[in-house]
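# Overview (structure and organization)
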Amino acid sequence: MSTSTDLPDMPVRAAVSRHAPPGEDAAGSDPFACPILEVRDLTIRAGTRELVRDVTFSIGAGRTLALIGQSGSGKSMTAAAIMGLLPPGVSLSAGAGIQLDGRRLPIHDDRAMRAFRGSALAMVFQDPMSCLNPFMTVGAQIDEALWRRGMADAARRRERTLDLMQAVELPSPEVLRRRLPHELSGGQQQRIMLAMGLAAEPRLLIADEPTSALDASVQAEILTLLERLQSKFRMAILFITHDLAAARRLGHEIMVMRHGRVVDFGAPATIFSTPRHEHTRALISVRRMLEQPPPPRARAGETVVDVQGINFDYPPRRFLDRPFPALSEVSFSLTAGRSLGVIGESGSGKSTLAAIIAGLKRPVAGDVRLFGTSMAGHDFAMPRALRRRVQIVFQNPHGALNPRHTIATAMREPLDLLRIGTRRDRLDRVVETLNRVGLDADFLARYPHALSGGQRQRVAIGRALLSEPDLLVCDEVVSALDATVGAEILHLLRRLQMERGFALVFVGHDLEVVRWIADEIAVMADGRLVEQGPADRILSAPGSAAARSLVQACLKPVRC
Amino acid sequence: MSRWLPVLFALLAGLARAVGIVVVTWFLCRVMPGDVVDVLGLEGGLSEAQQADLRVSLGYDRPIVVQFFDWAQHALAGDFGRSVRFDRPVADMLASAAPVTIELALGSFVVGVALALGLAIAATSMKSRLLEAAVDGLNIWSIAVPTFCAGVLGIIVFSLWLGWLPVIGSLILPIIIIGLDNAGQIVKLVREDLAEAVMLPHVRTARAKGLSPWRIAVVHVLPVAAPIVLVLSGLVLSGLVAGTLTMEILFGLPGIGSLMLNAVHGRDLPVVLAAVTVVAVALVAINTLVDALHRLIDPRVNR
Amino acid sequence: MLRSSSSLTRRHLLASAAGLGLVSLAGRVASAAPEPKGGVLRYATLGLDTSDPHRHTGSIAVQQAYVEALTSIAADGSVEPFLAESFDVSPDGRTYRFKLRQGVTFHNGDPLTAADVVANIERVKSKVKGGWLASAMKLVDGASAEGSGIVTLTLSKPYAPLLNLFSELWILSPKSEGWTETIKTPIGTGPFTFGTWVPKVKLTAPAFRSYWRAGQPIVDAVEFDLSDGTDKSLALRAGDLHIANIQRDTVEALVASGKVDIKTLKDTAWFSIAFNNRKPRPPFDDPRVRSAIALAVDKAAVMKFVGGDKGVVTNQLVAPGNVYFDKALHDADPFAKPDLAKARALLADAGVKPEDHTIEFVSWVEPYPQIVVQMVRKLGFKVNHVALDDIGAQKRLGQYDWDMNAMSSGPRADVFLRWVRLMSDGPNPVLWGGIQDAELDRTITSAVEQPDLARRKAIYLDATRRVAEKVYFVVIGHAPDLIAVARTVRGYEPGFTWACHWASGGVARTALISA
Amino acid sequence: MSPKAGIRRAAGSFVAPGTLVALVAVIVILLAAAGAPILSDQSPLDQDLTAMNGGPTAEHLLGTDNLGRDVLVRLLWGARTTLVVGALGTALAFALGAGVGLMAIVAGRLTEMLWFAVIDLIRALPATLLGVLLIVALGSGTVPVIIALGLSFSPLVALVVRTAHAREVARDYVAAAASFGGGRLHVLVHHILPNLIGTLVTQGAIVLPRCIVTESVLSFLGLGSSPDEPTWGRMIADASRFIEQAPHAILAPVIALIVLTTALSVLGDQLRRRLDPTRAAAMPADLAEASPIATAWTAEGAES
C-alpha cells in the first residue's frame, strides 16, 4: 500500500528566534522583546494515548507562527491547550508550561484560565457558521465580548462594535449588526468571529483553520485581512492550517506537526528550500505537483455524456414558497477517456449536476444523454445496463460507506446489485480491485471506521470501478482529505483513468486540483454554467467574472 | 398573504385531524357492547319494549352515518346536545369539568418542565454523580411507578401521616405527582440535549470569550435547548389529559378525564363525543402553537 | 333493584378495581360548629342519576333529602306514615285512604294539598315507564282527592307491597320546573332543597328553613358526594367526610383511626350464585351438577370475606330477623357447609367429569366472584372467568351464552322487589339467570295479591322451595352495607334502605359537633 | 489506538458491574417467568381467606394479598403474563410503528402520508382514553389489552423511526447504493434497517416497561387483563388499596417493575452502543459516553 510512509518522528524544538525578522516582514515588532507566548514541553493525553508530545515553541509580538499539520497531527489540541479549552477526557501533562508575556498561565485551573480568555487570549475557529450563537444577533455577540472585557457603557460598546466591524472590513455595519449569523455569508461570519476576537484586544490571537470552511476567493480575503489586522493591532498570531500555501503566505515562521510532534520548523523560505523532515518534503512536493499539471489528453472517441439544457429546482422549503432553482439551462458534453473539471463555489450547483449525471436526481427540464441514450426517454430511471457504465464517488468518505458494513460487504454490493460476474468470482474481483486502488485483502473484514480517510476514499473509488464504468463522476473526492493523501488519490485517479480509459467528471472547488486532473474545465456560478473550455485557457484567460475570481484567489497565495 | 397560507394549511390539517379523532371515537363508541339505553334499562328496570321505544326516541334506530351527521351538524353549531343519562346540557358538564383539568394540567406541566429543566441544567453544569443519578432515578420512577401508586402513597404520607395537605379539593398532591411524572419523562432527553448543546462549537466560542459558566449556560446553551424543551413540552401537554385521568379518579377531582371515563362507562354518547372533541381541538391547538413557537424561537427552522 | 343498580353505578368500573378515590367535594373545609346547630354535613352515598325524582333509574339514596313521600320505611323495615299522617287499607286490599299531614309546605312556600298528591300519582302513572313503581301504578284504577287532606286510591287487584313502594313515590310541587316533561329543579317538601347538582360529583342541598318539623334540619346544608365507585375511607380518616358508605376491607384501618364508628344499613344485601336458566347448557342444566357446584362453595368463608363478622350464611332472600325469614328452612340448608365429597358423588351420579367442562363464569369486576371461582375450581371444573364492566357484563349476561355468575343485590323497601326479578317477565332478570317458570310466576303473583302477612309469608316460602328444588340460584348469605359515621356526627343512624332521610331518622336530625 | 484494542476495551466495559447486574436481573426475571410452575407448587390464584393481607412468613415469603394469595407465587406467575403482554404490546407497537411505518415510507409518498395520518390520529387520542375505548369496545381480556397497548405506543415508535429513517436516507451511502441500482427495498433492508437497530433497541427498552405500567393503569381502571391471569400491573392495582395494611403486596411488584425497567434501560443503552461499530472502536473509551459532537472536538485526537 502506498499511503504515507511512516516518517521518523524526531522532535524539533521550535524556539522562535529573537533574531531579526525576515526582510519582507514589515510588522515592525520589537524582536528583542520578551516573546508573547512561550510553550514548553506540552504533552496532551486522552486516557493513555498521547495526542501531543513534548511540543515547545514561542511567538513574539507582532509575529505570526503558522502551525501546519494534517488532521490528527495535534495542532488543534495544542491551540485548545493554550486557551484552556481541552475537551472533556483530555488532559495536560503536569510538566507542561505555557507562559504569556512571561507570566505562567494557570493551565490546570479552568476558573483561573477564564480571566485570560477573551482578554489576553482570543481564538477564531474553523467553521464560523456553527461557532456563532445562532440565537444572538452578530452585533450582540461582539457586544458580549466587549462587555466581558469590562466595557460597562452600552453606548460605547455599540460604537466600538461598529468600529470593530469596520476594522474587519464588513460593509454597512449598522445593518449587519442586527442580523443573525445564518443571515450572513460565510466570509462575513468569519469576519464577525475576527471582530469578536479583536474586541478582546488580545496579546495572542489563535486562528484555528480560519479559512478552511470558506470558498477559495473568500479564503484569500480573510488571509489578507488577518495580515492587515496584525499590522494594525500588533498582536501575536498562532495561525493553524493544513494548507502549505496559506502558511507560507501568513507565517513569519512555519512549524510542522505530525503525529503529535513538531517535525520541522523555520522561516518559510528555509522550510521550502531545505525541509528537514520527510513529511515537510511531501507537503512541498504536493504543492509542486499541483503547480505543474500533466498535459491534457487529446480529444478523441465517442461522446460519453451529453447534457442538454437541464434545470433543477430544490423543492420549496415551505408550503407555497417558490422552488429554489439549483441549476438552470446547463449544457455540456464529454468524450470518452477525457476528464472534465466542474468548478464553482459552494451553492453553485456543481454537486447537483454530478448527482443528475449519475442518475440520482431528476432534472425538471432538459435531457442527459449517456452513451447516446436519452435519460429523459427513460423518465430518468437509469436502466441497469447503463448503471454499470456510470458510477459516482462522493465527497465525504465517512458518509459514502455504511458504518455497519465491512469493506467486503460494501464492495460486493454493486456486484450483487448490478449482477456482475458469478457469485463465486465476485470476491476475487473485489480483492483485485482493492489491490488496484492500493489496498490489500486484509481490509476485507474491516469496518469503515477502522480506516483512514484516504483509505476509505480508495475503497469508495474501487467500489465505483468494480462495474468497470465508462464514466466516473467524482464529487469533491479530495476536499475532505489531507493534502498528501489528496495528492495520492489524484494520482490514483489519473493512473486508473489511463489504465481503464473511462471518462471523468471531476467536481471540485479548488482550481489547482481541478486543473491538475481535468482536460477541460466548466465553471459554475449560481446554478449556471458560465464558462467552459480547455483547462489551460480557463487558467490563463478566464472569460467570466466567476472564473477570474477563482483564478485570482487560488494563485495569489501560491506564488508569493 | 402567502406568509399566512402555511399557517392556514397547518390549521386545516389540524382540523382534519380533530375531525378524524371524533369520527373514530364515534365508531368506537358505537361498536361497544351496550348503549345508554341498556344502562338506563339496567338501572331503571325498563322492559325490552320500553327500551326499544327509548332507542327510537333517541334516534338510535337510524343508520349510524345519519346519526353521525346529525350530531356533527349540531356540534358545528356549538350544540353538543344533552347528556342522555343525566338529561343536562353537555356544554354545562364540560364547563364545570374543564377548569379542574386545566388547572391540574397546567400546574403539573409547569412543575414538570421546571423540575426537568432545573435538574438537567444542574446535572449538566455541576457534573455531579448524585445529580446524574437523580436524573436517571426520576426517569425510571416515571416509567416504572404508575401515578396512581404514587398517588396513594402521597395521600397516606402527606394527608394521613403528616397531615400537611388537606385531601379535599387540594390539587397540590396530584399536581406534584403528575409533575414528577412529566419531569421523569422528559428529564433524560433534556439532559442529553443539554449535554450535546454544551459541546456545540458556539459554546466553545463563548468559553473562548472567557464568559462565566453561568452566562454561558443562560445565554448560549439554554436557547439551543429551548426548541427541544418546547417540543417535549408539547408532548407533555398533549399527554396531560390522559395523565390527569387517574389522578382525577384517585382524588375524586371532577375533571374532563373522569367525565369522559364515566361517560364511556355509562355509554353517554353525547358526553363522550363532546369531551373527545374538546380534547382533540385543544391538542391540535397546542400542537399548532408549539409549532408556531418553535419557528419563532429557533431562527434555524426558517433558514 | 336498588342494590344491583347501585352496584351498577357504584362499583364496577373503578370501584372494585381500586376504589381509592377520595372525595370530590370541592375545597371547603368545614369548620365543625361548636354547638350542635349549623355546619355542612358531608355525606357520601350512592349516586344521583336525574333531577327528576319520578324518573330515577335506580340509585335512591339522595332524593329523600329534598323530596318526601306519603310513607317511609322505618329502621325495622315497617311502613310508617310520613307526609301522610295516617292511612287505612280496606280489608280486600283494594282501597287505600291517606290522610295528609297538615302544615307541610313545598320549598316554594305552597302548602301541600291532596290535589298535589293526586297529580304526582297521575304523573308517575302516565309519564314514567319502567321501574317497579310504574308497574304498581298500572294496578291503580283511580286516585282522588277529598278536600285538601285526604287521598283515596283504588286498585284493580290487591297489591301488598303498595304502602312500602309508596315510600319511593315522591311528592313534588306540580310547579316544579319541567313538570310536564323532565323535572329540572324539583320542588319538594324535604328538609333540604335541591341546590346545585353536578352529576357524578356532588349535590349541594341547603337547609329548608320552613320545614314542617320544627327545629329541623339541624345542619345548614348537606353536601352529597356523588363520586360513587370510589373508596371513601381515606377521606373519612382525613376528616373530609362525615358519613360515607365503605367497603368491608377498609374497616380495620378506619376503626384503627379512632375517628369513625362503623354502622350498617338495617336491611341486608344478599349474595348468590346463579346458573343460566334461560338457555342452560349441559351439564349445567342438571340440578345434581348445580348442587355439586353449590356444595363446593364455602358460604361461611365467602360471607366472612364480604361481610366480616356481620356476614350471615343462609339460603333465603331475606336475612334472619326479617319477618319473611323461616328458621326451619334455614336449618335445612343442604349447602350450609361445603362438602366436596358429596359434590363429587353428585357429579359421578350425573355422569359428569368436571375436568371435561369449562364453566363460562361472568361477573362484575370485584373480588367476591374471584373467591367463588376459586372454590368452584376445587371441584375440578375449568373456569373461564370474565369480569366485565357493568354494561359489558349486562350485555353478556343478556346474551345467555354463559353458565354461571356470582351477584349480589342490596336493600329493598319491600321483599317483593327481590322476588319480582325471578319472574319470567321481571325487570332485569339476567342476574338470576332469566328464570322462565310459570309456576314460580303464579306463586309470586299470588303472594303479592295476598293482603294477609302470614299467608303471604307462606306463599313466599313455597316460592323459595321451588327455587331450591330447581337450583335456579343458590343464596350464599346476607351482609349489611357498611356506613362509617364520623365521631363528630350526632343523631345519625343508618336506616333500613339507602334512604338518607325518613320519617323517624336521617339527615334532618343529624348534627355536627366540633371534633 | 488500534481497532483491536478498542474492541477489547469495549468488551471490557460490556461486563462492567452495572451491565452485569442488569443482565443478571433480566435473566432472573425471565427464569422466574419460565420456571414459575417448577418454582412454586401453588397456583397464583390459590386463596387463603384466613390469611388476607398477611405479612411475610416462612410459608409466604413475601406475604399475601387481599385475597390471601401468595405474593411471591403471583410475582413469579405474574412475570409470565406481564412479560407476554408487555412484549406482545411492544411487538405490536413496533409492527405498526416501525414495520408498517417503514413499509409505508418505502412504498411512496402517498402511502407514507396516509399511514402517518392514521398514526397522527392515534397519537392525538390520549393513550389512556384510547385504551379505555378500545377495551370497552373489544371486551376486556388479555388480547384487547395487548391491542390497546400496541396501538397506543405505535405512534411513538413510528415517529422515532420516521425521524431516524429521514436521517439515514440522506446519507451518501444510500445515494451510493442507489447509484448501483439499489431500489428502496434494498436500501431499507441493507442500509437503513441495520442503522436503525440502535434506535429501535432504545425504544424497545422504553416501550416495554411502559406497556407493563400502562397495563396496570388499565387494571386500576377495571379494564386490565382477566382476574385469572395475574400481572404485575394487576397486582399493583389490586394492592394499591391496601398500601398501609399490606405494603409488601404493592412493594413486591413495584420493585420488580423498577428492577426490570432499570435493567432494560441499562441493557438497551449497552446493546445500542455495542451494536454501533463506530462507537465500539474508534473512540477513546472515556469519550464514548459523549455525543457525536464530542467527536468533532476530538476529531484530531481520535483519528488514528
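This structure is a prediction, so every number in the text was calculated from the model and none was measured.

The rules behind each value
- Residues numbered from 1 in each chain as written.
- Chains lettered and ligands numbered in written order.
- Predicted model: local features only at pLDDT ≥ 70, side-chain atom pairs only at ≥ 80, totals over all residues.
- Heavy atoms only, no water.
- Helix = DSSP H or I, 4+ residues; strand = E, 2+ residues; numbered from the N terminus.
- Buried < 20%, exposed > 50% of the residue type's maximum accessible area, 1.4 Å probe, protein only.
- Areas by Shrake-Rupley, 256 points an atom, 1.4 Å probe, with all protein chains shown as cover.
- Contact = heavy atoms within 4.5 Å.
- Phe/Tyr/Trp six-rings, centres within 6.5 Å; stacked < 30°, edge-to-face > 60°.
- Lys NZ or Arg CZ within 6 Å of the ring centre and 35° of its normal.
- Buried area = accessible area lost by both parts, 1.4 Å probe.
- Salt bridge = Lys/Arg side-chain N within 4 Å of Asp/Glu carboxyl O.
- Polar contact = N/O pair within 3.5 Å; in protein donor to acceptor, adjacent residues only side chain to side chain.
- Pairing = 2+ DSSP bridges.
- Axes fitted to C-alpha atoms, helices over the stretch in contact; angles between N-to-C directions.
- Core = buried A, V, L, I, M, F, W, Y, C linked by side-chain atoms within 4.5 Å.

A count of helical and extended segments in chain B gives twelve helices and zero strands. The order of helices and strands in chain B, counted from the N terminus, is α-α-α-α-α-α-α-α-α-α-α-α. In terms of overall dimensions, chain B has C-alpha extents of about 85 × 60 × 25 Å along its principal axes. Relative to its full complement of 303 residues, chain B shows a buried share of 56%. Taken as a whole, chain B presents about 12,300 Å² of accessible surface, with 71% of it coming from carbon and sulfur.

With that out of the way, let us pick up the overall build of chain D. Assigned secondary structure in chain D consists of 13 helices and zero strands. The N-to-C order of helical and strand elements in chain D reads α-α-α-α-α-α-α-α-α-α-α-α-α. Across the 304 residues that make up chain D, the buried fraction comes to 58%. Considering only residue pairs separated by 6 or more positions, chain D has 67% of its internal contacts joining residues 24 or more positions apart. Taken as a whole, chain D presents about 11,400 Å² of accessible surface, with 71% of it coming from carbon and sulfur.

Looking now at the environment of D:Ala166. Note that D:Ala166 resides in helix H6 (residues 142-169). Considering only alpha carbons, one finds D:Ala166 and D:Pro253, 87 residues apart in sequence, at a separation of 40 Å.

So, about the packing of aromatic side chains. Here the distance between the centres and the angle between the planes together describe a pair of aromatic rings. Going through the model one piece at a time under the given rule, you end up with 21 aromatic pairs over all chains. Arranged with centres 6.2 Å apart and planes meeting at 70°, the rings of C:Phe82 and C:Trp212 form a pair that is edge-to-face. Of this pair, C:Phe82 sits in the loop between strand S4 (79-81) and strand S5 (84-89) while C:Trp212 sits in the loop between strand S11 (202-206) and strand S12 (221-225), placing them 130 residues apart in sequence. We note that C:Phe82, like C:Trp212, is buried. When the ring of C:Tyr400 is compared with that of C:Trp402, the centres are 6.2 Å apart and the planes differ by 25°; the resulting orientation is stacked. In this structure, A:Arg248 packs its charged tip against the face of A:Phe272, placed 3.9 Å from the ring centre. It is A:Arg446 that lies over the ring of A:Phe443; its NZ or CZ is 4.6 Å from the centre.

Turning our eyes to something else, we now look at the interface of chain D and chain B. The interface is formed by 40 residues belonging to chain D together with 43 residues belonging to chain B. Across the interface of chain D and chain B, roughly 3,700 Å² is buried in total on both sides, 80% from carbon and sulfur atoms. Counting the contacts that link chain D with chain B gives zero salt bridges. Between the two partners, chain D and chain B, sit zero residue pairs in polar contact (both at pLDDT 80 or more). Residue assignment for the side of chain D that touches chain B shows that the elements contributing at least two residues are helix H4 (109-124), helix H5 (127-138), helix H8 (184-220), helix H9 (232-239), helix H10 (247-275) and helix H12 (292-297) of chain D.

All names here are of chain C. Burial within strand S19 (residues 473-486) is extensive, with 14 of its 14 residues counted as buried. In this sheet, S19 lies alongside strand S13 (residues 243-246) in antiparallel orientation, the contact comprising four bridges. When the sheet's bridge partners are listed, Asn245 is paired in S19 with Ile483. By the bridge criterion, twelve bridges tie strand S14 (residues 260-275) to S19 in an arrangement that is antiparallel. Across the sheet, the residue bridging to Thr268 is Pro480, located in S19.

Residue and element names in this part refer to chain C. Strands sit in the order S5-S6-S8-S7 across an open sheet of four strands; the sheet is antiparallel. Since the sheet does not close on itself, it has two edges, and those belong to S5 and strand S7 (140-146), each with one partner. Averaged over all adjacent pairs, the angle separating strand axes in this sheet is 15°, with direction ignored. As paired elements, S7 and strand S8 (residues 150-155) share six bridges and run antiparallel to each other.

Moving on, we come to the nonpolar core. In this structure, B:Trp71, C:Leu41, C:Tyr43, C:Leu203, C:Phe224, D:Leu221 and D:Trp232 are the most contacted members of the largest nonpolar core, which totals 220 residues. Sequence-distant contacts of C:Leu203, defined by excluding residues within four places in its chain, comprise C:Leu48, C:Val62, C:Tyr66, C:Phe194, C:Gly195, C:Thr196, C:Trp197, C:Val222, C:Glu223, C:Phe224 and C:Leu226. Residues A:Val286, A:Ala408, A:Ile517 and A:Val523 belong to the second largest nonpolar core, which totals 94 residues.

Before going further, it helps to examine the pairing of strand S3 (residues 64-69) of chain A. Residue and element names in this part refer to chain A. Counting buried positions along S3 gives six out of six residues, so the element sits mostly inside the fold. Note that S3 and strand S9 (residues 236-241) share five bridges and pair parallel. Residue Ile68 lies in a different strand from S9, and its bridge partner there is Thr241. In this sheet, strand S10 (residues 253-258) lies alongside S3 in parallel orientation, the contact comprising five bridges. Paired with Ala66 across the two strands is Ile254, which belongs to S10.

Read these as layout, nothing more, since geometry by itself doesn't imply function.
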